[in-house]
There are 2 protein chains.
Amino acid sequence: MPTDDPRLETVHLLRAATVELGLHSARFAQRNGMHPTDVRALIVLMDARRATEEVTAGRLGAALGLNSAGTTALVDRLERAGHVRRVRGATDRRKVVVEVDERAVELGQAFFGPLIGRVTGLLDGYDERERAAIRGFLEGVRRAAAEAG
Amino acid sequence: MPTDDPRLETVHLLRAATVELGLHSARFAQRNGMHPTDVRALIVLMDARRATEEVTAGRLGAALGLNSAGTTALVDRLERAGHVRRVRGATDRRKVVVEVDERAVELGQAFFGPLIGRVTGLLDGYDERERAAIRGFLEGVRRAAAEAG
DNA sequence: CGATATTATCTCGCTCGGCGAGAGAATAGC
DNA sequence: GCTATTCTCTCGCCGAGCGAGATAATATCG
C-alpha cells in the first residue's frame, strides 16, 4: 500500500473541503430550522429559477432521490415555512409547480454570499492558466464521481 | 447583481463536484445497506486508524454532530453489521473505543479506490505550478467554509 | 365521443434515525 | 471515603422518508 503518494494530499484536501462545505450547509439548515434535504431542495429550486425553468414536484423529488410521498412531505414543509409556493400547472393541471419565495432567495444569498465572495476572491490570486487548471480539475472530479461505481 | 461574473462558473463547478461526490457516497451507503451517517462514521474511523489514533464513542459522535443517544444507536448499527468492534478503554473503563473491522476497510477501499485513482490520474495532466494552484484553491475553500458563517 | 391507460400528486400506515432526559458505571478531586 | 464529574447507555418520543394505493387530470384508441 503506497500511502505516501504525494497526489493523495490533494485527494485529502478535496475531501476536507467537501466536508467543510457540507457542514456549512448544515449550519444554514439548523439556523433556519430546516433539514439538509430542505436546503438541497432550495438549491435545486434556485438553480432552476436562475435558468427560468419550472420545477414540478415530481422533478424536484427526482433531483433529490425522494419518492412521491417524501416529495409531498418536503414541499409541505417548505410551504409551511413560507419558503415556497404551490402553483397548479397552467397547461397540465395535474402538475404542481414549486416556486421559491423571494424571501427564501434573499435568505440564501445572505448566508452563502459571503462564502461565494471568499471563493471568487481566492481565484483572483491565480493567473488564467492556473484558474483553467482549477476549473479542469473540478470538472474532472465531477465526471469521475458521476461515472465511478 | 452581476450574474455574469466569470468567476462564478468555478463556484458552480465546485458545487457540482461536491454534489456528485455526495451522491457517490450515497451509492456506497445504499449498496451496503447503510445510511449516510454510517458512511461518514466509517470515514472518521478510517482516518483515525491511518493516524493510529483511538476514537471513543463520544469523539465519534462529536465529529458527526450526534448526541450520546444517537451515537450509541450508530455504533450499535455498525457493530451489528460487523463493520466495527466495541473495546472498553484500557486506562479509563468508562470509555468505549470503536475499532473498524479489517473487512470494512477493504470494502471502503474497493469502492472508493477507483474514484481516488481517477482523481490522482487527473493530477498527472497538470504541471507542478498548476497542481499547486489546485491544492491552494482547495485549502482556501476549506478555510473559507470553516470560517464563514 | 366514450372507455381505458397513463401520469402526477397526495394520503395512510409504517420503519427507523436522531433527540431530550435521565439512569448507571467508572474516575477524579477534595 | 464522599461527592462531583465524565462517559455511555436506556427509554420514550418526534419526524423524515418509504411502500402501497387512492385520487384527479390528461392522453390514447377504437
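Below or above, wherever it landed, is the structure these notes cover. Nothing here was measured: the structure is a model prediction, and the numbers come from that model.

Some points on the overall build of chain A
Line of reasoning, step 1. Summing up its helical and strand segments, chain A has 6 helices and 2 strands in all.
Line of reasoning, step 2. By the compact-globule yardstick of 15 Å for 149 residues, chain A is too spread out, its C-alpha radius of gyration being 19 Å.
Line of reasoning, step 3. By principal-axis analysis of the C-alpha atoms, chain A measures approximately 55 × 35 × 30 Å.
Line of reasoning, step 4. Per-residue burial for chain A yields a buried fraction of 38% across its 149 residues.
Line of reasoning, step 5. Pairs at least 24 residues apart make up 45% of the contacts formed inside chain A by residues separated by at least 6 positions.
Line of reasoning, step 6. Positive and negative side-chain charges in chain A, numbering 23 and 21 respectively, have mean positions lying 5 Å apart.

Structural notes on unusual backbone geometry
Residue and element names in this part refer to chain A.
Line of reasoning, step 1. In the Ramachandran plot, Thr52 falls in the positive-phi region, its phi being about 45 degrees despite a non-glycine side chain.
Line of reasoning, step 2. Positionally, Thr52 belongs in the loop between helix H2 (36-50) and helix H3 (57-64).
Line of reasoning, step 3. For Thr52, a relative accessible area of 73% gives the class exposed.

Describing the side chain of B:Glu20
Line of reasoning, step 1. For B:Glu20, the position within the fold is in helix H1 (residues 7-31).
Line of reasoning, step 2. The side chain of B:Glu20 is buried and forms no salt bridge, while A:Arg142, the nearest opposite charge, is found at 4.2 Å.
Line of reasoning, step 3. Excluding anything up to four places from it in sequence, B:Glu20 contacts A:Arg142, A:Ala145 and A:Ala146.

Topic: the interface of chain B and chain A
Line of reasoning, step 1. The interface is formed by 51 residues belonging to chain B together with 51 residues belonging to chain A.
Line of reasoning, step 2. Summed over both sides, the interface of chain B with chain A buries roughly 5100 Å², with 69% coming from carbon and sulfur.
Line of reasoning, step 3. For chain B, the biggest contributors to the area lost against chain A are B:Arg7, B:Phe137 and B:Leu138; these three give 12% of the whole.
Line of reasoning, step 4. At the junction of chain B with chain A, the criterion picks out 10 salt bridges.
Line of reasoning, step 5. Between A:Arg129 and B:Asp127 there is a salt bridge, with its nearest N and O atoms 2.2 Å apart.
Line of reasoning, step 6. The interface formed by chain B and chain A contains 14 residue pairs in polar contact (both at pLDDT 80 or more).
Line of reasoning, step 7. Among the elements of the structure, H1, helix H2 (36-50), helix H5 (102-123) and helix H6 (128-147) of chain B are those that each provide at least two residues to the side of chain B that touches chain A.
Line of reasoning, step 8. For the side of chain B that touches chain A, the leading source of residues is H1(B), giving 17 residues.
Line of reasoning, step 9. The residue makeup of the side of chain B that touches chain A, split by class, is 24 nonpolar, 10 polar and 17 charged.

Observations concerning the protein's contact with DNA strand C
Line of reasoning, step 1. Inspection of the region around DNA strand C gives 21 residues, with A:Gly58, A:Ser68, A:Arg94, B:His35 and B:Thr37 positioned closest.
Line of reasoning, step 2. Side-chain polar atom of A:Ser68 to a base nitrogen of DNA strand C: 2.4 Å apart, as the coordinates give it.
Line of reasoning, step 3. Between DNA strand C and B:Arg77 there is a distance of 2.9 Å, counted from a phosphate oxygen to a side-chain nitrogen or oxygen.
Line of reasoning, step 4. Elements with a minimum of two residues in the surface near DNA strand C: H3 and helix H4 (68-80) of chain A together with helix H4 (68-80) of chain B.
Line of reasoning, step 5. Here the surface near DNA strand C takes 3 residues from H4(A), the largest share from any one element.
Line of reasoning, step 6. Class assignment for the residues of the surface near DNA strand C results in 5 nonpolar, 9 polar and 7 charged.

Structural notes on the pattern of salt bridges
Line of reasoning, step 1. Within this structure, the stated rule accounts for 34 salt bridges over all chains.
Line of reasoning, step 2. Linking B:Glu102 and B:Arg49 is a salt bridge whose minimum nitrogen-to-oxygen distance equals 3.2 Å. Linking B:Glu102 in helix H5 with B:Arg49 in helix H2, this pair joins segments that are 53 residues apart in sequence.
Line of reasoning, step 3. The network of salt bridges with shared partners includes A:Asp5, A:Arg7 and B:Asp124.

What about the protein's contact with DNA strand D?
Line of reasoning, step 1. For DNA strand D, the set of nearby residues contains 21 residues, the closest of which are A:Thr37, B:Gly58, B:Ser68, B:Arg86 and B:Arg94.
Line of reasoning, step 2. For DNA strand D, the fraction of atoms within 4 Å of the protein that belong to sugar or phosphate moieties is 63%.
Line of reasoning, step 3. A distance of 3.1 Å is found between a phosphate oxygen of DNA strand D and a backbone nitrogen or oxygen belonging to A:Asn67.
Line of reasoning, step 4. B:Ser68 places a polar side-chain atom, nitrogen or oxygen, 2.5 Å from a base nitrogen of DNA strand D.
Line of reasoning, step 5. Looking at the surface near DNA strand D, the elements with two or more residues in it are H4 of chain A together with helix H3 (57-64) and H4 of chain B.

Side note on the relation of the copies chain B and chain A
Line of reasoning, step 1. Least-squares fitting of chain B to chain A yields an RMSD of 0.1 Å, with the transformation described by 0.0 Å of translation along the axis and a rotation of 180 degrees. Here the copies are linked by what is in effect a two-fold axis.
Line of reasoning, step 2. Mapped onto chain A, 100% of the interface residues of chain B again fall at the interface, so both copies present the same surface.

Thresholds applied
Residues numbered from 1 in each chain as written. Chains lettered and ligands numbered in written order. Predicted model: local features only at pLDDT ≥ 70, side-chain atom pairs only at ≥ 80, totals over all residues. Heavy atoms only, no water. Helix = DSSP H or I, 4+ residues; strand = E, 2+ residues; numbered from the N terminus. Rg over C-alpha atoms; globule rule 2.2 N^0.38 Å. Buried < 20%, exposed > 50% of the residue type's maximum accessible area, 1.4 Å probe, protein only. Contact = heavy atoms within 4.5 Å. Lys, Arg positive; Asp, Glu negative; His and termini not counted. Charge placed at Lys NZ, Arg CZ, Asp CG, Glu CD. Salt bridge = Lys/Arg side-chain N within 4 Å of Asp/Glu carboxyl O. Buried area = accessible area lost by both parts, 1.4 Å probe. Polar contact = N/O pair within 3.5 Å; in protein donor to acceptor, adjacent residues only side chain to side chain. Nonpolar A, V, L, I, M, F, W, Y, C, P; charged D, E, K, R; others polar. Near = heavy atom within 4 Å. Least-squares fit on C-alpha atoms with pLDDT ≥ 70 in both.

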